[in-house]
Amino acid sequence: MQKFDSILLVDDDSISIYLARYFIEGINLAKKISEVYNGKQALEFLKTNKVDLILLDISMPVMDGFGFLEEAQRTNLCPDTPIVILTSSNDKIDIDRAKDFNEIMGYIVKPLTSNKLEGVFTKYFKTYVSSQ
């Protein structure tokens, strides 16, 4: 299995970050995991750091996930970085809106489980998923 060099978790909820980190480490998916707590912090982080994947919550204070996506797209900040939405929203409006962004490679509704995470990676990132 190939690992991502770096994954960025963007979520304001510490339990969600803990679970994401736990499952990512559990399937040995990344060499480095960084975390920020809103879209604005993510934009600042990405100005000086390259990541291979972003796990992005939609509902956050300061700047939500869609605000982040719009600004990242407008500034061409991370055009080739795949993004997986990780959110509690199962609202069709949010799911459809996420489809407007080419970088979105998956949509996971919380709570995160290893099966949900592996399902997205099996579908979109075949070279990164273990054959176990």
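In this text, all values refer to a predicted model and were calculated from it rather than measured experimentally.

Procedures and definitions
- Chains are numbered independently. Their residues run from 1 in the order of the written sequence.
- In keeping with the predicted nature of the model, local features appear solely for residues at pLDDT of at least 70, side-chain atom pairs appear and are counted solely at 80 or more, and the whole-chain, interface and lining totals rest on all residues.
- With hydrogens and water excluded, all non-hydrogen atoms of the structure serve as input to the side-chain values.
- Residue burial is assigned from relative accessible area. The probe radius is 1.4 Å, only protein chains are included, and a residue is buried under 20% of its type maximum, exposed over 50%, and partly exposed in between.
- For the purposes of this entry, the term helix denotes a DSSP run of H or I that reaches at least four residues, the term strand denotes a run of E that reaches at least two, and both are numbered from the N terminus.
- A strand pair is defined by DSSP finding two or more bridges across the two strands.
- The handedness of a crossover follows from its direction of travel: if, with the strands pointing away from the viewer, the path from the first strand over the helix to the second runs clockwise, the crossover is right-handed.
- The quantity known as pLDDT measures the predictor's confidence residue by residue, on a range of 0 to 100.
- Throughout this description, the term nonpolar core refers to a set of buried Ala, Val, Leu, Ile, Met, Phe, Trp, Tyr and Cys residues connected via side-chain atoms within 4.5 Å.
- In this analysis, two residues are considered to be in contact whenever any of their non-hydrogen atoms come within 4.5 Å of each other.

Some thoughts on the pairing of strand S3 (residues 53–56)
Consideration 1: Every second residue of S3 is oriented toward a common face, with Leu53 and Leu55 on one face and Ile54 and Leu56 on the other, all of them buried.
Consideration 2: As defined by bridge partners, strand S1 (residues 4–10) adjoins S3 across 4 bridges and the pair is classed as parallel. In the strand pairing of S3, leucine 8 is matched with isoleucine 54.
Consideration 3: In the sheet, S3 pairs with strand S4 (residues 83–87) via 3 bridges, with the strands oriented parallel. Counterpart to isoleucine 54 in the pairing with S4 is isoleucine 83.
Consideration 4: Traced from S3 through helix H3 (residues 65–75) to S4, the parallel crossover comes out right-handed.

Looking at the confidence of the model for the protein chain
Low-confidence regions, as indicated by low pLDDT, have predicted coordinates that should not be scrutinised in detail.
Consideration 1: Considering every residue of the protein chain, the mean pLDDT works out to 90; 93% of them sit at 70 or more.
Consideration 2: Mean pLDDT in the protein chain bottoms out at helix H5 (residues 114–124), which sits at 82, and peaks at helix H2 (residues 39–48), which reaches 97.

Let's talk about the nonpolar core
Consideration 1: In terms of nonpolar packing, the biggest core is built from 22 residues, with Leu8, Val10, Leu46, Ile54, Leu56, Phe68 and Leu69 touching the most fellow members.
Consideration 2: For this core, the secondary structure elements donating two or more residues are S1, H2, S3, H3 and S4.
Consideration 3: Among all residues touching valine 10, those that are not within four sequence positions of it are Val36, Asn38, Gly39, Ala42, Ile54, Leu55, Leu56, Asp57 and Met60.
Consideration 4: Counting 21 residues, the second largest nonpolar core, distinct from the first, contains Phe4, Ile17, Ala20 and Ile27.

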